[in-house]
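Each chain, written out:
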Amino acid sequence: METEPIKDPISIGVLGLGTAGRNAVKVASSSKYVTVAAVCDINIETASTIGRISNVPGYTSIEQLCDDPNVEAVYLSTPTYLHLANALQLASAGKHLLVEKPVVKDGSEGEALVTLAKDFRINIMAVNTRGRDAPIRAMARIVQEGSIGSVLSLTNICYTDWVIRPRFPYELVTALGGGVAFRQAPHQVEIARTIINRPVVAVTSIAGRSPSPVDTVGNYSALLEFSGGISATLVYNGYGYFNTAELTYGKGESGREFDPESSARLRQNESWSLDKYGDAGLAVRDRGPSTDAATSQRRWGFVGLTIVSGESGDLRQSEGGVTVYDKDGFHQEDCSMDIGGLDVDFADFYVALRRNDKLEHDARWGAATVQICEAIWNSHCEGRRIEL
Ligand SMILES: NC(=O)c1ccc[n+]([C@@H]2O[C@H](COP(=O)([O-])OP(=O)(O)OC[C@H]3O[C@@H](n4cnc5c(N)ncnc54)[C@H](O)[C@@H]3O)[C@@H](O)[C@H]2O)c1
């Protein structure tokens, strides 16, 4: 990580200003590695409001972003099923890309994204999964150092209310990259890939869908086999009854204090049928700045409970970072002030573009995550173990 001030941050445009795009604008605004040069959304009110707040042009068409010479790279946060087409248009205009998860809607589109990066000689980075969170990176480092011996298994169990939060219809359709197998599995998959640091060779899973209150894939239990016989068990349930935040110090995915009544309120209000962002455009999803200084600094929370088991110890994500269990008992590794998430993505992207360094989380990395998510879904549909 650079300690010197940066003289030549990468100027980015943000395309698609929903939950993900607004977050990107917010994080980029405080990053020294990137600067926001323009924003763009087909919703005129959203584009102009966020453009005005950010003091940059608020475009309403991708062509305007393509034509803007001040935009060197584009943060792609449109609906997943549009990513590949948007990427092609932006790549043709010579823009580098940072692409939200899942980078595309299925495995074959993943291969096309890899080809596109090569053919147009641009950098495509897969960004913003929780595999980048500081405690997960710390667990990867501890494993790398050999402190718990060879890894045997990883377990992540996550219960949320993803299914009953306000959603656009496309977010619920599996064939468009919707439902929890594509929208939430990338976080768990990249947590496992980051820590185990080997290729996934096979996937077995059973998924579930409840027709009510929202008809979508809302849960799965998946077994990922990594090379060398290491297993990752990933359990996700998004129906909003029990929430694993209860087990993780009252903190959920964002790191904010979890409100145990919130899911029941969503269900009572039937707010899943409301427009996702409300009439005011910005209202529904922006819960304002955190009042907890450490939380707003660290930008990580808990994607459920993560436990890593090695031949001579275990690791568990805990309140301030990681608890290490070994032959001497246990101790804490504090990560509360470590950078993680998009801050790390932006730093890596800067180094790749300005220093010509290889991107670790390139299009191939992002495509592999989508292929694993697709295997979680296909294993369920076909009732068999899928080899990758
Ligand atoms: N990393 C994360 O934790 C995270 C969180 C949320 C969403 N995402 C990902 O980000 C992407 C967007 O998700 P979201 O929840 O923000 O979606 P959203 O549907 O709420 O927002 C998408 C925005 O894109 C705009 N848009 C649609 N078509 C467009 C076009 N052709 N040109 C310009 N703008 C267009 C829409 O008007 C909307 O404002 C998805 O791929 C999703 O999986 C990632």
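Cut-off values and rules
- Residues numbered from 1 in each chain as written.
- Predicted model: local features only at pLDDT ≥ 70, side-chain atom pairs only at ≥ 80, totals over all residues.
- Core = buried A, V, L, I, M, F, W, Y, C linked by C-beta atoms within 7 Å.
- Buried ≥ 20, exposed ≤ 12 C-beta atoms within 10 Å, placed from the backbone.
- Domains from an automatic or database assignment.
- Contact = placed C-beta atoms within 7 Å.
- Pairing = 2+ DSSP bridges.
- Helix = DSSP H or I, 4+ residues; strand = E, 2+ residues; numbered from the N terminus.
- Near = placed C-beta within 6 Å.
- Nonpolar A, V, L, I, M, F, W, Y, C, P; charged D, E, K, R; others polar.
- Expected span 1.5 Å × (residues − 1).
- Arc of directions from axis to C-beta.

Chemist: So what's going on with the nonpolar core? Residues and values would help.
Modeler: Counting 105 residues, the largest nonpolar core has Ile12, Val39, Val74, Leu97, Val99, Ala181 and Ile376 as its most contacted members. Counting residues domain by domain, this core receives three or more from each of domain 1 (10-129 + 340-360) and domain 2 (131-339 + 373-387). Setting aside anything within four residues of it in sequence, one finds Ala181 in contact with Thr174, Ala207, Val217, Tyr220, Cys373, Ile376 and Trp377.

Chemist: Describe the pairing of strand S12 (residues 313-318), with residues and values.
Modeler: Sheet topology note: the strand S11 (residues 305-310)/S12 ladder contains four bridges and is antiparallel. Within S12, the residue paired with Val308 across the bridge is Leu315. Counting the residues that bridge the hairpin from S11 to S12 gives two residues. Taken together, the five bridges between S12 and strand S13 (residues 321-326) define a ladder with antiparallel strand orientation. Opposite Leu315, over in S13, you have Val324 as the bridge partner.

Chemist: A description of the domain arrangement of the protein should follow, citing residues and the corresponding values.
Modeler: Put simply, an interface is often sized by how much accessible area is lost when its parts join up. The domain boundaries assigned to the protein delineate domain 1 (10-129 + 340-360) and domain 2 (131-339 + 373-387). Put simply, the middle of domain 1 and the middle of domain 2, counted by C-alpha atoms, are 24 Å apart. Contacts between the two partners involve 18 residues from domain 1 and, on the opposite side, 21 residues from domain 2. Those elements that place two or more of their residues in the side of domain 1 that touches domain 2 are helix H2 (44-54) and helix H11 (342-355).

Chemist: I'd like a rundown of the site of the ligand, residues and numbers included.
Modeler: Around the ligand lies a shell of 24 residues, among which Gly16, Gly18, Ala20, Thr80 and Glu100 are the nearest. For the shell around the ligand, the class distribution of residues is nine nonpolar, ten polar and five charged. Each of domain 1 (10-129 + 340-360) and domain 2 (131-339 + 373-387) gives at least three residues to the shell around the ligand.

Chemist: Any details on the sheet that holds strand S1 (residues 10-15)? Residues and values, ideally.
Modeler: Strands sit in the order S3-S2-S1-S4-S5-S6 across an open sheet of six strands; the sheet is parallel. Here the strands that pair on one side only, and so sit at the sheet edges, are strand S3 (58-59) and strand S6 (124-126). In the sheet, S1 pairs with strand S4 (residues 73-76) via four bridges, with the strands oriented parallel. Residue Val14 lies in a different strand from S4, and its bridge partner there is Tyr75.

Chemist: If you had to explain the environment of Glu333 to someone new, which residues and values would you point to?
Modeler: With respect to the helices and strands, Glu333 occurs in strand S14 (residues 329-334). A residue is classified by how many C-beta atoms lie within 10 Å of it, and Glu333, with 18 of them, is partly exposed. For the pair Glu333 and Glu111, spaced 222 residues apart in sequence, the C-alpha separation works out to 38 Å. Filtering out sequence-adjacent residues up to four positions away, Glu333 remains in contact with Ala138, Ile142, Gly321, Val322 and Val324.

Chemist: Pulling in residues and values, what's your account of unusual backbone geometry?
Modeler: Pro102 follows Lys101 through a cis peptide bond whose omega is -15 degrees. By secondary structure assignment, the location of Pro102 is in the loop between strand S5 (96-99) and helix H5 (107-119). In this structure, Pro213 follows Ser212 across a cis peptide bond, with omega equal to 0 degrees. Assignment of secondary structure puts Pro213 in the loop between strand S8 (200-210) and strand S9 (216-226). Here Asn197, not a glycine, exhibits a phi torsion of approximately 55 degrees, which is positive. Within the secondary structure, Asn197 sits in the loop between helix H8 (185-196) and S8. For Asn197, a count of 13 C-beta atoms within 10 Å corresponds to the partly exposed category. Its identity is not glycine, yet Tyr249 carries a phi of approximately 60 degrees, on the positive side. Structurally, the position occupied by Tyr249 is in the loop between strand S10 (230-237) and helix H9 (262-269). Tyr249 sits in the partly exposed class, given 15 other C-beta atoms within 10 Å.

Chemist: I'd like a rundown of H5, residues and numbers included.
Modeler: The terminal C-alpha atoms of H5, which comprises 13 residues, lie 19 Å apart, in line with the 18 Å expected from a rise of 1.5 Å per residue. Buried within H5 we find Glu109, Gly110, Leu113 and Ala117. What you see down the axis of H5 is that its buried residues fit within an arc of 110 degrees, all on one side. The exposed residues of H5 that point more than 90 degrees off its buried face are Thr115, Lys118 and Asp119. In this structure, the buried residues of H5 make contact with helix H4 (83-92), S6 and helix H12 (363-382).

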